[in-house]
Amino acid sequence: MRVTVNGEARELPDDATVASVVAQITSAARGVAVALNDEVVSRADWARTAVREADRVEILTAVQGG
Amino acid sequence: MSLPPLVEPAPELTVDEVRRYSRHLIIPDVGMDGQKRLKNAKVLCVGAGGLGSPALMYLAAAGVGTLGIIDFDVVDESNLQRQIIHGQSDIGRSKAESARSTVNEINPYVDVVVHDEALTTDNVMDIFAGYDLIVDGTDNFATRYMVNDAAVLLGKPYVWGSIYRFDGQASVFWSEHGPCYRCLYPEPPPPGMVPSCAEGGVLGVLCASIGSIQVNEAIKVITGIGEPLVGRLMIYDALEMTYRQVKVRKDPECPLCGKNPTITELIDYEAFCGAVSEEAADAVKDSTISATDLKAMMDRGEEFMLVDVREPNEYEIVNIPGAVLIPKGEFLNGNALSQLPQDKKVVIHCKSGGRSAEVLAVVKGAGFSDAVHVGGGVLAWAGQVDPSLPTY
């Protein structure tokens, strides 16, 4: 299925979850937040939240500057 | 979700104050009531730096009656590209005092409380207790988690903002009405993974873009107008010129503000965030030389390879003679190891010693057991060996 990850189209297996998408993008899950269709998914729910056709996934990185 | 005003109105505005705030007073949503609430409000700005500069200046101009400023640092020339509350003549001065002068000049009706000290687990609860709302303009993860935890434990709302290069994020964290910082980012990135502004840079004007959002939200929360940025994260991209937002819910599993909290008091934030990784801390033990040691090795004509692990644009600003540039990322992905000599000692340096420590861990792990890094990096070299060099 095709989903949009950080603004780019990606082909993902049908059983993809938020956790598996994060693992594809970054090796470090710490300091990262994920929004699925503009709503942040709590860390505890990553593995059980399925990603569906045409979903938009956004992986956000914490920055510290001020 | 609109929320009730955070602060009760002050009894009255003086004639001078009415004149000064007239452009607020004639907005029906603000009016006398809202301006009196601002007058009665006590707001603490943590950090008088990039975000703190515009935040403090606009909070002062808006008529927030009591402004707390906490910063332990002194004004450096490299701050002036973005920290507009300070000027040329403030270089070397306490940031908190310098900020106080500017606030007094903008609005003499503001009571300024200067906390010329570092915010620590020993003083944060006492300091925060005296304020209605906190504005977070700090520059490191450890302080950010401490600010969040103290605000949640005290039940205070705080307006959070963070910046890096061209990107900014902002939100209002208020556990009584929505998520906290830990609901969004349960823990910081691994040490060394996300550069600070000192390492990666920041577009000066980005501070105003995010700092002004923070003030906007502070005013709304204090006066109870509009839709505060509670439960929403604003994401700003200055290159694309886009503002986007995502919803953030309270995480029932949040260790701080969730249903069964496991963090019920302040913790050790340096340990939680890790200034350097454990591997790096192990690697530098007995394998750190000073800039003057490096100079002595050069003067003795010793055979070694000096590797600069910063980025090319940093190398262009200043470099140590004879250093070969191989950015840190090339070591983390393993590509650079084949470029290291087997028959010569390897000496690694970066800007101030953090990145070189991480690379040293990788290099030693690959079998270069006599490799060392330069404590303090090129900044120490410029300070102790060749003061003619520029620093950044």
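Since the structure is predicted, the reported quantities are computational estimates derived from the model, not experimental observations.

### Some details on the domain arrangement of chain B
Residue and element names in this part refer to chain B.
- Here the domain parsing of chain B yields domain 1 (15-273) and domain 2 (278-384).
- Here the C-alpha centre of domain 2 lies 37 Å away from the C-alpha centre of domain 1.
- Across the contact, four residues belong to domain 1 and five residues belong to domain 2.
- At the boundary of domain 1 with domain 2, total buried surface from both sides reaches about 320 Å², with 32% on carbon and sulfur atoms.
- Applying the counting rule to domain 1 against domain 2 returns zero salt bridges.
- Summed over the shared surface of domain 1 and domain 2, the number is zero residue pairs in polar contact (both at pLDDT 80 or more).
- Among the residues making up the side of domain 1 that touches domain 2, the classes are represented as two nonpolar, one polar and one charged.

### Observations concerning the layout of surface pockets
- Within this model, the second largest pocket holds a volume of roughly 630 Å³.
- The set of elements that each furnish at least two residues to the lining of the second largest pocket consists of β5 (56-61) of chain A together with β6 (167-173), β7 (232-237) and β8 (242-247) of chain B.
- When residues in the lining of the second largest pocket are grouped by element, the largest group, four residues, is from β5 of chain A.
- A breakdown of the residues in the lining of the second largest pocket according to their chemical character gives 14 nonpolar, seven polar and five charged.

### What about the pairing of β5 of chain A?
Residue and element names in this part refer to chain A.
- Looking at chain direction, strand β1 (residues 2-5) and β5 are connected through two bridges and run parallel. Along β5, the bridge assignment pairs Val5 with Val57.
- Across five bridges, strand β3 (residues 32-36) lies against β5 in antiparallel orientation. What sits directly across from Val32, in β5, is Thr61.

### Focus on the nonpolar core
Residue and element names in this part refer to chain B.
- Within the largest apolar cluster, 47 residues are counted, with the highest numbers of intra-cluster contacts made by Val43, Leu56, Leu59, Leu67, Val103, Ile163 and Ile210.
- No other element matches the nine residues that helix α10 (residues 206-223) contributes to this core.
- For Leu59, the contacting residues outside a window of four places in its chain are Val43, Val64, Leu67, Val135, Val215 and Ala218.
- If you look at the next biggest cluster of nonpolar residues, it comprises 37 residues, including Tyr131, Tyr158, Tyr164 and Tyr269.

### Some points on a nonpolar patch on the surface
- There is a patch of nonpolar side chains on the surface, built from Phe166, Leu203, Val205 and Leu239 of chain B and spanning about 360 Å² of accessible area.
- Here Leu203 of chain B lies in the loop between α9 (197-200) and α10.

### Things to note about the pattern of salt bridges
Residue and element names in this part refer to chain B.
- Tallied over the entire structure, the rule returns 21 salt bridges over all chains.
- Note that Asp90 and Arg93 form a salt bridge whose closest N and O atoms lie 2.8 Å from each other.
- Judged by relative accessible area, Arg93 falls into the partly exposed class, the value being 30%.

### Some words on unusual backbone geometry
- The phi dihedral of Ala54 of chain A falls on the positive side, at around 75 degrees, and the residue is not glycine.
- Tracing the sequence through the fold places Ala54 of chain A in the loop between β4 (39-41) and β5.
- Although it is not a glycine, Arg165 of chain B adopts a positive phi angle of roughly 55 degrees.

### Regarding the confidence of the model for chain A
- Here chain A shows a mean pLDDT of 93. Residues at 70 or above account for 100%.
- The secondary-structure element of chain A with the lowest mean pLDDT is helix α1 (residues 18-25) of chain A, recorded at 92, while β4 of chain A shows the highest, at 97.

### Observations concerning the packing of aromatic side chains
- The full count for this structure, using the stated rule, is eight aromatic pairs over all chains.
- Taking 5.1 Å as the distance between ring centres and 80 degrees as the angle between the ring planes, the aromatic pair formed by Tyr145 of chain B and Phe272 of chain B counts as edge-to-face. On the criterion of sequence distance, the pair formed by Tyr145 of chain B in helix α7 (residues 141-154) and Phe272 of chain B in helix α11 (residues 269-273) is long-range, its members being 127 residues apart.
- The exposure class of Tyr145 of chain B is buried, given its relative accessible area of 0%.
- Among the aromatic residues, those joined into a ring-pair cluster are Tyr145, Tyr158, Trp160, Phe173, Tyr181, Tyr185 and Phe272 of chain B.
- For Arg43 of chain A, the ring lying beneath its charged end belongs to Trp46 of chain A, and the centroid distance is 4.3 Å.

### Concerning empty space enclosed by the protein
- In the structure shown here, the tally under the stated rule is one cavity of 30 Å³ or more.
- Taken as a whole, the largest cavity spans an internal volume of roughly 40 Å³.
- Of all the elements in the fold, those that place two or more residues in the lining of the largest cavity are β3 and β4 of chain A together with α8 (181-184) of chain B.
- Looking at the lining of the largest cavity element by element, the count peaks at three residues for β3 of chain A.
- By residue class, the composition of the lining of the largest cavity is nine nonpolar, one polar and one charged.

### Remarks on the interface of chain B and chain A
- Between chain B and chain A, the contact holds 37 residues from the first and 22 residues from the second.
- Both faces considered, chain B and chain A share a buried interface measuring about 2,400 Å² in area, 55% of it formed by carbon and sulfur atoms.
- Counting across the interface, chain B meets chain A through three salt bridges.
- A salt bridge links Glu187 of chain B to Arg43 of chain A, with the nearest nitrogen and oxygen atoms 2.9 Å apart.
- Summed over the shared surface of chain B and chain A, the result is 17 residue pairs in polar contact (both at pLDDT 80 or more).
- Contributions of two or more residues to the side of chain B that touches chain A are made by α7, β5 (158-164), β7 and β8 of chain B.
- A breakdown of the residues in the side of chain B that touches chain A according to their chemical character gives 19 nonpolar, ten polar and eight charged.

How each quantity is defined
- Residues numbered from 1 in each chain as written.
- Chains lettered and ligands numbered in written order.
- Predicted model: local features only at pLDDT ≥ 70, side-chain atom pairs only at ≥ 80, totals over all residues.
- Heavy atoms only, no water.
- Domains from an automatic or database assignment.
- Contact = heavy atoms within 4.5 Å.
- Buried area = accessible area lost by both parts, 1.4 Å probe.
- Salt bridge = Lys/Arg side-chain N within 4 Å of Asp/Glu carboxyl O.
- Polar contact = N/O pair within 3.5 Å; in protein donor to acceptor, adjacent residues only side chain to side chain.
- Nonpolar A, V, L, I, M, F, W, Y, C, P; charged D, E, K, R; others polar.
- 1 Å grid on protein atoms, 1.4 Å probe; cavity = no way out; pocket = protein on both sides within 12 Å on 5 of 7 lines; lining within 4 Å.
- Points joined across faces, edges and corners; volume = space filled by probe spheres on them.
- Helix = DSSP H or I, 4+ residues; strand = E, 2+ residues; numbered from the N terminus.
- Pairing = 2+ DSSP bridges.
- Core = buried A, V, L, I, M, F, W, Y, C linked by side-chain atoms within 4.5 Å.
- Buried < 20%, exposed > 50% of the residue type's maximum accessible area, 1.4 Å probe, protein only.
- Patch = residues over 30% accessible without salt bridge, like charges linked within 9 Å, V, L, I, M, F, W, Y side chains within 5 Å.
- Areas by Shrake-Rupley, 256 points an atom, 1.4 Å probe, with all protein chains shown as cover.
- pLDDT = per-residue confidence, 0-100.
- Phe/Tyr/Trp six-rings, centres within 6.5 Å; stacked < 30°, edge-to-face > 60°.
- Lys NZ or Arg CZ within 6 Å of the ring centre and 35° of its normal.

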